[in-house]
Amino acid sequence: MYEGIEELPQEFLFEVETAVKKEEPISIITYVLSTRGENKLKHIIQTVLFKYKREDLTELIFTSAKELIVNATKAAIKRVLFKELGLNIADPSQYDLGMESFKENLVSRKFPYYRRKMKEHGLFVKVTLSFSSDRIILFVQNNFTLAVREEKRIREKFVHSKEFDNLFEYYMKYGDTTEGAGMGITMVEILVAQSGYDRHLFTIYSRQAENRTVARVEIPLDQNYVPRRQRYQKWLQEKASGLT
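Every chain's residues receive numbers from 1 upward, in the order its sequence appears when written. Where totals are concerned, whole chains, interfaces and linings use all residues; where local detail is concerned, this predicted model gives features only for residues with pLDDT of at least 70, and gives and counts side-chain atom pairs only at 80 or more. Side-chain numbers here rest on the full set of heavy atoms in the structure, without hydrogens or water.

1. A closer look at the overall build of the protein
Then comes step 1: The numbering of helices and of strands both runs from the N terminus, where a helix is a DSSP run of H or I of at least 4 residues and a strand a run of E of at least 2. When you go through the protein residue by residue, the secondary structure sums to 9 helices and 5 strands.
Then comes step 2: Sequence-ordered secondary structure for the protein, helices as α and strands as β, is α-β-α-α-α-α-β-β-α-α-α-β-β-α.
Then comes step 3: Its C-alpha atoms give the protein principal-axis dimensions of about 55 × 50 × 40 Å.
Then comes step 4: Remark: exposure states derive from per-residue accessible area (1.4 Å probe, protein chains only) relative to the maximum for the residue type, with buried under 20%, exposed over 50%, and partly exposed in between. Going through the 244 residues of the protein one by one, you find that 45% of them count as buried.
Then comes step 5: The contact criterion used throughout is that any non-hydrogen atoms of two residues lie within 4.5 Å. Taking as baseline every contact in the protein between residues at least 6 positions apart, the subset at least 24 positions apart corresponds to 66%.
Then comes step 6: A total of about 13,500 Å² of accessible surface is found on the protein, and carbon and sulfur atoms cover 50% of it.
Then comes step 7: The convention is simple: Lys and Arg are positive, Asp and Glu are negative, and His and the chain ends are not counted. For this purpose, a charge sits on NZ of Lys, CZ of Arg, CG of Asp or CD of Glu. The centroid of the 38 positive side-chain charges in the protein is displaced by 4 Å from the centroid of its 34 negative side-chain charges. All accessibility values rest on the Shrake-Rupley procedure with a 1.4 Å probe; residue burial counts only the protein chains present in the view.

Listed below in structure tokens is the structure:
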């Protein structure tokens, strides 16, 4: 039991309990994550982990979820701001101009305004937990694709974060304020690695055809479970060898 659970609706608690018993994915939609939203997220994660007796993964999954939600929310707020300024986020020169204003406007007192504007523009963050006795997969999704400059920065962060075992070392060398603190992606990758898992279990991809961007964290629960990336690499190798 944790502080805040008594404030959650009984209907929500029942729905979570039912979904966990059936091993059905659970999703929540958020705009700017509130304390109530955090409590819902924590309850979902703890209920799932309790089922598999893996409460030791609570910090890894909950912290990863929160960081990725903040990252996704900032990306959505950025699009609200660019629309208001009449700037094209896909244009590199206009992107730099918009980011100057973004840094100035990304303050907590404006979050209620941005929450309302996100709803008006149909922008949201969808968080999904998919689970079985073999693995848990966290998805944090935006309903838009990445701009070129965003994709480049994400690739750079993945490359740079591999040089470090802790966030302090990373921040001392690469920390900046271009996208807010800019530490969410790095923190999640280092958390995954420090928890004894392959860094590649954390991925971010953007799909134009589906108009979405997804951050995905896959955590094996069974030692014999083969993660999706490894299955895909094996399929590529077999295909190259003419075995498929």
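2. Some thoughts on the packing of helix 1 (residues 10–22) against helix 2 (residues 35–51)
Think of two packed helices as two axes; the pair is described by the angle between the axes and how far apart they sit.
Then comes step 1: At a minimum axis distance of 10 Å, the contact between helix 1 and helix 2 shows a crossing angle of 30 degrees. In the packing of helix 1 onto helix 2, the handedness of the crossing is right-handed. Here F12, L13, V16, V20 and K21 of helix 1 lie close against helix 2, whose contacting residues are K40, H43, I44, T47, V48 and K51. Axes here mean lines fitted to C-alpha atoms, for a helix over just the part in contact, with angles spanning 0 to 180 degrees between N-to-C directions. If you view the pair so one helix is near and one far, a crossing is left-handed when the near helix is turned anticlockwise from the far one by less than a right angle, and right-handed when it is turned clockwise.

3. Remarks on the packing of helix 3 (residues 58–85) against helix 4 (residues 92–105)
Then comes step 1: Where helix 3 meets helix 4, the closest approach of the two axes is 10 Å, and the angle between their N-to-C directions is 115 degrees. When the interaxial angle is binned, helix 3 and helix 4 end up roughly perpendicular. Crossing hand, helix 3 versus helix 4: right-handed. Taking contact as the criterion, the partners of K74, I77, K78, L81, F82 and L85 in helix 3 are, on helix 4, Q94, Y95, G98, M99, S101, F102 and N105.
Then comes step 2: As a working rule, the residues Ala, Val, Leu, Ile, Met, Phe, Trp, Tyr, Cys and Pro are called nonpolar, Asp, Glu, Lys and Arg charged, and the rest polar, with Gly in that last group. A breakdown of the residues in the contact of helix 3 with helix 4 according to their chemical character gives 7 nonpolar, 4 polar and 2 charged. Working rule for angles: under 35 degrees goes down as roughly parallel, over 145 as roughly antiparallel, 65 to 115 as roughly perpendicular, anything else as oblique.

4. Observations concerning the confidence of the model for the protein
In low-pLDDT regions, the fine details of the predicted coordinates are not to be read closely.
Then comes step 1: Predictor confidence is given residue by residue as pLDDT, running from a minimum of 0 to a maximum of 100. Confidence along the protein averages 88 in pLDDT terms, with 92% of residues attaining 70 or more.
Then comes step 2: Low pLDDT (under 50) marks residues 177–181, which in the prediction has 14 contacts with non-local residues, meaning those over four places away or in another chain.

5. Some points on the pattern of salt bridges
Then comes step 1: For salt bridges, the criterion is a side-chain nitrogen of Lys or Arg within 4 Å of an Asp or Glu carboxyl oxygen. Taken as a whole and judged by the stated rule, the model has 12 salt bridges.
Then comes step 2: Residue R79 is joined to E150 by a salt bridge in which the shortest nitrogen-to-oxygen separation is 2.5 Å. In this pair, R79 is assigned in helix 3 and E150 in helix 6 (residues 148–161), connecting sequence segments 71 residues apart.
Then comes step 3: Note that R216 and E218 form a salt bridge whose closest N and O atoms lie 3.0 Å from each other.

6. Regarding the sheet that holds strand 3 (residues 135–142)
Then comes step 1: Across the sheet, 5 strands lie side by side as 1-2-3-5-4; this open sheet has antiparallel pairing. The outermost strands of the open sheet, each flanked by one partner alone, are strand 1 (26–30) and strand 4 (202–207). Adjacent strand axes in the sheet meet at a mean angle of 15 degrees, parallel and antiparallel pairs treated alike.
Then comes step 2: Strands are labelled as partners when DSSP assigns at least two bridges between them. One ladder, built from 7 bridges, connects strand 2 (residues 125–131) with strand 3; its direction is antiparallel. When the sheet's bridge partners are listed, T128 is paired in strand 3 with F139.
Then comes step 3: Strands strand 1, strand 2 and strand 3 of the sheet are contacted by helix 2, whose axis makes an angle of about 10 degrees with strand 2.

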